[in-house]
Amino acid sequence: MSALTDNPAWTTLQAHYEDVKSLHMRDLFKQDTDRFEKFSVRSSGILLDYSKNRITEQTMTLLSDLARSCHVEQVRDKMFAGEHINSTEDRAVFHVALRNRSERPMMVDGVDVMPEVRAVLNKVRRFSEDVRKGHWRGVTGRPIKTVVNIGIGGSDLGVIMALQSLRSYQRDDLSPRFISNVDSSHLMETLRDLDPETTLFIVASKTFTTQETMLNARSARSWLVKRLGGEAVRKHFVAVSTNEEKVRDFGIDTDYMFPFWDWVGGRYSVWSAIGLAIALVIGFDKFEEMLEGAHAMDEHFRTSPVEHNMPIIMALLGVWYANFFGWSTHAVLPYDQYLTRFPQYLQQLDMESNGKRVDLQGRPVDYTTGPVIFGHAGTNAQHSFFQLLHQGSWNVSMDFIGVANNHHPLREHQTILLSNFLAQTKALMLGKTEEEARAEMAAKGMAQNRIDKLAAHRTFPGNKPSNSLVLPLVTPFTVGQLLALYEHKVFVQGIIWNINSFDQWGVELGKQLAKDLTPKLTGEVPIMDEDASTEGLLKYMKRLKKEFI
Ligand code: G6Q
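Below: a short report on this structure. (Residues numbered from 1 in each chain as written. Predicted model: local features only at pLDDT ≥ 70, side-chain atom pairs only at ≥ 80, totals over all residues. Heavy atoms only, no water.)

All right, on to the overall build of the protein chain then. Across its full length, the protein chain holds 24 helices and 13 strands. Its C-alpha atoms give the protein chain a radius of gyration of 26 Å, near enough to 24 Å, the size a compact globule of 549 residues would have. Projected onto its principal axes, the C-alpha coordinates of the protein chain cover approximately 75 × 60 × 60 Å. Put simply, the protein chain has 549 residues, and 51% of those count as buried. Long-range pairs, those at least 24 residues apart, make up 74% of the contacts in the protein chain with a sequence separation of at least 6. If you sum the accessible surface of the protein chain, you get close to 24,400 Å²; carbon and sulfur atoms cover 52% of it. Taking the average place of the 62 positive charges on the side chains of the protein chain and the average place of its 66 negative ones, the gap between the two points comes to 5 Å. (Helix = DSSP H or I, 4+ residues; strand = E, 2+ residues; numbered from the N terminus. Rg over C-alpha atoms; globule rule 2.2 N^0.38 Å. Buried < 20%, exposed > 50% of the residue type's maximum accessible area, 1.4 Å probe, protein only. Contact = heavy atoms within 4.5 Å. Areas by Shrake-Rupley, 256 points an atom, 1.4 Å probe, with all protein chains shown as cover. Lys, Arg positive; Asp, Glu negative; His and termini not counted. Charge placed at Lys NZ, Arg CZ, Asp CG, Glu CD.)

Written as structure tokens, this is what we have:
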């Protein structure tokens, strides 16, 4: 037993689970027509309807008790106070300072970081405006038309996701591209049709040592130098990093280095100068609106009581399914094409943060932690994996994200999109009984033997829980809110599971081994002291390389 599974709030929930696990939401909705009012919450234009969950009022009371007994509010307050809650790296977790739009100071180690945060934002503003207005030009005097962000993980995923989401705010003459994978195909396909004279590279790396990013940056620099000469680097390369020395060594003018700080975790860094590509492509004012949206969610999270706190409610529902129902998968399903990259972004945010197996004290946990996250945009996803959600043998908890309005006013498209959004959560909740399936087939005049044969196949168990988040429109503000909502949800779950959501040691081992294997692939070091599989694969690949190239 651990402190968590021993916690009376936890054991009470376990007993409660036994009482409610067989209840069907269809009946819960029949018994209580106020479920929507009782189980929905709003924050600055975003609505969370969590009534289609396998919960009663008592469930929510007990889950709130759990949050309180795990000191969720106190740890939240420690984060906002700049305390070193990232204990394994002994750092503050302070991305909320990057989007603090209030006059409140944000203190870390006795220093208010807001003057520095504002100074970097101003630098981002000036540079992005210069580029957008054509004042900053390439070495041959032509304005910039393409911004290539070279980064990986937290220095890539947030920026791609935000720019994909906010594509309708993009100008036709300034567009983004991304190079992240060390696979040369990514680099070469990205550069293939680019004009070096109108291309600006941003090397985005907190450490400026990440193997993939640095190799991609060097190859991009060679590509540029070959075409425009060495002098071009200072006009076509800028950097976002915490490592000034390495930026200078690379040959980037440190006047065009946009700094951030070690209290910003990689996957929480889109709000920092890592967002430079966002400011360049959609304009600094829009980037600021994104910060404002996140700040609005921060204020909601910081000040709302547990029972009305959107991120806390979503976190608790996740714990309810992961730890009491024993479901290990969570799907995120945005019904908006602009949000297609959102599930992928969340995979890193959630799975890197809460994919942990020891608690803060270093003891193995005796409960499950972060779930597997997957998802895709509706309605497309309905035509691929939704079958499993409706009738598969696994259970998956779900977030549906609906957007009331569209940037492209083709009314019929939007109506059908929203109808599908509503229909899915309803179908998943209600299901279809065998009697209903039989009656439906009979009404169509089907023969009885055919009905008997198909009845089980056409039955849907229902009782599949989902949250519905509804946004007015995909804007910089709502994207900011949405990201912050999920950041805090993940954080709250980490508090309850007593794990550190802000380190990522799991990423290290593979990185180290890759470095050791490189000389074995190149032949600088003989293939020895490897396990039989790695040795066999190494030899096989070396042979194929010789045969094909
Ligand atoms: C995120 C991780 C990781 C990181 C990348 C890139 O939280 O730490 O995804 O962002 O490894 O790191 P650099 O920005 O240092 O290149």
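Now, onward.
The next subject is the nonpolar core. Within the largest apolar cluster, 123 residues are counted, with the highest numbers of intra-cluster contacts made by Trp 263, Trp 320, Phe 342, Leu 469 and Tyr 486. The element that contributes the greatest number of residues to this core is helix H16 (residues 310-325), accounting for 13 residues. Among residues more than four places away in sequence, those in contact with Trp 263 are Ala 92, Val 93, Phe 94, His 95, Ala 97, Leu 98, Val 108, Val 113 and Val 117. (Core = buried A, V, L, I, M, F, W, Y, C linked by side-chain atoms within 4.5 Å.)

Right, let's talk about the site of the ligand for a bit. In the neighbourhood of the ligand, 13 residues make up the surrounding shell, with Ser 155, Ser 205, Lys 206, Thr 207 and Thr 210 lying closest. Here an oxygen atom of the ligand sits 2.6 Å away from a polar atom, N or O, in the side chain of Thr 207. Between the ligand and the protein, one listed contact pairs an oxygen atom with a side-chain N or O atom of Gln 348 at 2.7 Å. For the ligand, whose accessible area on its own is 410 Å², the fraction buried by protein is 87%. Here the shell around the ligand is built from residues that sort into one nonpolar, nine polar and three charged. (Near = heavy atom within 4 Å. Polar contact = N/O pair within 3.5 Å; in protein donor to acceptor, adjacent residues only side chain to side chain. Nonpolar A, V, L, I, M, F, W, Y, C, P; charged D, E, K, R; others polar.)

A complete count under the given rule lists 33 aromatic pairs for this structure. Centre to centre, the rings of Phe 301 and Phe 491 are 6.2 Å apart; their planes meet at 75 degrees, and the pair counts as edge-to-face. Here the residue Phe 301 occupies a position in helix H15 (residues 284-303), and Phe 491 occupies one in helix H22 (residues 476-496), the gap between them amounting to 190 residues. Arranged with centres 5.4 Å apart and planes meeting at 80 degrees, the rings of Trp 320 and Phe 325 form a pair that is edge-to-face. Take Trp 320 and Phe 325: they sit in the same class, and that class is buried. Cation over ring: Arg 76 sits above Phe 301, and NZ or CZ is 5.9 Å from the ring centre. It is Arg 221 that lies over the ring of Phe 250; its NZ or CZ is 4.2 Å from the centre. (Phe/Tyr/Trp six-rings, centres within 6.5 Å; stacked < 30°, edge-to-face > 60°. Lys NZ or Arg CZ within 6 Å of the ring centre and 35° of its normal.)

Once that is clear, we can look at the environment of Asn 86. Within the secondary structure, Asn 86 sits in the loop between helix H6 (72-80) and helix H7 (95-98). The class for Asn 86 is buried, based on a relative accessible area of 4%. Between the C-alpha atoms of Asn 86 and Phe 502, which are 416 residues apart in sequence, the distance is 5.7 Å. Ignoring sequence-local partners within four residues, the contact set of Asn 86 consists of Arg 91, Val 93, Asn 500, Phe 502 and Asp 503. Separated by 2.7 Å, the side chains of Asn 86 and Glu 89 make a polar contact.

On the surface, Leu 521, Leu 537 and Met 541 cluster together to form a nonpolar patch covering roughly 270 Å² of accessible area. Position of Leu 537 among the secondary structure elements: in helix H24 (residues 532-548). (Patch = residues over 30% accessible without salt bridge, like charges linked within 9 Å, V, L, I, M, F, W, Y side chains within 5 Å. Salt bridge = Lys/Arg side-chain N within 4 Å of Asp/Glu carboxyl O.)

This next bit is on the sheet that holds strand E11 (residues 372-374). The strand order across the open sheet built from six strands is E1-E2-E13-E12-E10-E11, with neighbouring strands paired in mixed fashion. The sheet is open, and its two edges are formed by strand E1 (40-43) and E11, each paired on a single side. Taking each pair of neighbouring strands and ignoring which way they run, the sheet shows an average axis angle of 15 degrees. Note that strand E2 (residues 46-49) and strand E13 (residues 466-471) share three bridges and pair antiparallel. Note on E13: the bridge partner recorded for Leu 48 is Leu 469. Of the strands in this sheet, E1, E2, strand E10 (329-335), strand E12 (396-403) and E13 are in contact with H22, which crosses E13 at around 150 degrees. (Pairing = 2+ DSSP bridges. Axes fitted to C-alpha atoms, helices over the stretch in contact; angles between N-to-C directions.)

Our next topic: the pairing of E10. Buried residues dominate E10, accounting for seven of its seven residues. Summarising the sheet, E10 and E11 pair through three bridges and their orientation is parallel. Within the sheet, the bridge partner assigned to His 330 lies in E11 and is Ile 373. After leaving E10, the chain enters helix H17 (residues 342-354) and then returns to the sheet as E11, a path that is right-handed. When E10 meets E12, the two strands line up parallel, connected through seven bridges. Its bridge partner being in E12, Leu 333 is matched across the sheet by Phe 400. (Right-handed = clockwise from strand over helix to strand, strands pointing away.)

Spatial ordering of the open sheet is given by E6-E5-E7-E8-E9, a layout of five strands whose pairing is parallel. The outermost strands of the open sheet, each flanked by one partner alone, are strand E6 (175-179) and strand E9 (257-259). On average, each strand axis in the sheet is tilted by 20 degrees relative to the strand beside it, whichever way the strands run. Direction of pairing for strand E8 (residues 237-241) relative to E9: parallel, over a ladder of three bridges. When the bridges of E9 are listed, Val 240 appears paired with Phe 258. Contacts between helix H10 (residues 184-191) and the sheet are confined to strand E5 (146-150), E6 and strand E7 (199-204), with E6 contributing the most and set at about 160 degrees to the helix. Along the sheet, helix H11 (residues 211-228) contacts E5, E6, E7 and E8; its crossing angle with E7, the most-contacted strand, is approximately 160 degrees.

On to H16. Taking 1.5 Å of rise per residue, 16 residues should cover 22 Å, and H16 covers 21 Å from first to last C-alpha, within 8% of that figure. Where burial is concerned, most of H16 is hidden: 16 out of the 16 residues are buried. One or two residues past the end of H16 sits Gly 326, with phi positive at roughly 80 degrees. (Expected span 1.5 Å × (residues − 1).)

Structurally, the position occupied by Ser 468 is in strand E13. Beyond its immediate chain neighbours, meaning those up to four positions away, Ser 468 contacts Leu 47, Leu 48, Asp 49, Phe 400, Phe 421 and Thr 425.

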